[in-house]
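# Working through the structure, step by step
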Amino acid sequence: MKHWMVLGLMAVLARPALADPTADARGVEEAFAHACSAGDLKGVMALYADDAIAVWPGQGAEAKGKADIGKMAAALCKQGSGAQFTLESLEALPLGDAHIVTVAHWESTLAGPARRRLTTQVRSTEVLVKKDGAWRYLVDHASIGQPRPRQAAAVRRGRRMR
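Parameters and conventions
- Residues numbered from 1 in each chain as written.
- Predicted model: local features only at pLDDT ≥ 70, side-chain atom pairs only at ≥ 80, totals over all residues.
- Heavy atoms only, no water.
- Helix = DSSP H or I, 4+ residues; strand = E, 2+ residues; numbered from the N terminus.
- Buried < 20%, exposed > 50% of the residue type's maximum accessible area, 1.4 Å probe, protein only.
- Contact = heavy atoms within 4.5 Å.
- Areas by Shrake-Rupley, 256 points an atom, 1.4 Å probe, with all protein chains shown as cover.
- Phe/Tyr/Trp six-rings, centres within 6.5 Å; stacked < 30°, edge-to-face > 60°.
- Disulfide = S-S within 2.5 Å.
- Arc of directions from axis to C-beta.
- Lys, Arg positive; Asp, Glu negative; His and termini not counted.
- Salt bridge = Lys/Arg side-chain N within 4 Å of Asp/Glu carboxyl O.
- Polar contact = N/O pair within 3.5 Å; in protein donor to acceptor, adjacent residues only side chain to side chain.

## Digging into the overall build of the chain
Helix and strand counts for the chain come out as 5 helices and 6 strands. Counted from the first residue to the last, the chain has its helices and strands arranged as α-α-α-β-β-α-β-β-β-β-α. Of all 162 residues assigned to the chain, the portion counted as buried reaches 33%. For the chain, long-range pairs separated by at least 24 residues make up 47% of all intrachain contacts whose partners lie at least 6 apart in sequence. Surface exposure of the chain reaches about 10400 Å², of which carbon and sulfur atoms provide 59%.

The structure is reproduced here in structure tokens:
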């Protein structure tokens, strides 16, 4: 009996420690923000698994697979559009060794009519999968959110909180 307990303990201790899921997820999120802001569609698409599903804000903005997601990403990440994405918060929970689920809050600034900049709050919930040694989006669901209560009061008074 002791022999099995010792072997079990050795197996647990010998197992490599899991990496930091928040750091892994932050790396993917920041890579998306950088690539999309730069109009680098190839860089954006490298972050998605072949069988990924994306649901983004907008009527009918759902896609399955890289080809369909690429069409949505091309519209969002147009080169020279000046799109900017700022990750404001991120929570990441591991789901085993090969999956991470995230909840993030973003500030998104896009070109609007008459060259005005439109800033919105975006929430995202994602499932990342580790394939071929790299983390990729398997499910990417984003929605337009209202500013958090403290920010909403400042916006109503005509100024933004930082």
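Having put the structure on the table, let's press on.
## A closer look at the packing of aromatic side chains
Following the criterion strictly, the structure yields 3 aromatic pairs and no others. Judged by centre distance (6.2 Å) and plane angle (65°), the ring pair of Phe32 and Phe85 falls under edge-to-face. You can see Phe32 sitting in helix H2 (residues 21–37) and its partner Phe85 sitting in strand S3 (residues 84–94), a full 53 residues away along the chain. In terms of burial, Phe32 and Phe85 fall into one category: buried. Residue classification places Phe32 among the buried positions, given a relative accessible area of 9%. Put simply, the rings of Phe32, Tyr48, Phe85 and Tyr137 touch in pairs and so form one group of aromatic residues.

## What about the state of the cysteines?
Overall, the coordinates contain 1 disulfide when judged by the stated rule. Between the sulfur atoms of Cys36 and its disulfide partner Cys77 the distance amounts to 1.9 Å. Measuring handedness by torsion sign, the sulfur bridge of Cys36 and Cys77 sits at about -95° and is left-handed. Of the two residues, Cys36 is situated in helix H2 and Cys77 in the loop between helix H4 (66–76) and S3; the sequence distance between them amounts to 41 residues. Since its relative accessible area comes to 0%, Cys36 is described here as buried. Here Cys77 falls in the buried class, since its relative accessible area comes to 3%.

## Brief notes about H4
Listed in full, the buried residues belonging to H4 are Ile69, Gly70, Met72 and Ala73. Along H4, the residues classed as buried sweep out an arc of 170° about the axis, all on the same side. The exposed residues of H4 that point more than 90 degrees off its buried face are Ala67, Lys71 and Ala75. Its buried side turned inward, H4 meets helix H3 (41–45), strand S1 (48–55) and strand S2 (62–64).

## Concerning the side chain of Glu126
Summarising the element assignment, Glu126 is placed in strand S5 (residues 117–131). The charged side chain of Glu126 is buried without a salt bridge, its nearest counter-charge being Arg26 at 11 Å. At 3.3 Å, the side chain of Glu126 and the side chain of Ser124 are in polar contact. Contacts of Glu126, omitting those with residues within four sequence positions, involve Glu29, Ile100, Val101, Thr102, Tyr137, Val139, Asp140 and His141.

## Some points on unusual backbone geometry
In this model, Asp132 sits at a positive phi of 55°, which is unusual for a non-glycine residue. Counting through the fold element by element, Asp132 comes out in the loop between S5 and strand S6 (134–145).

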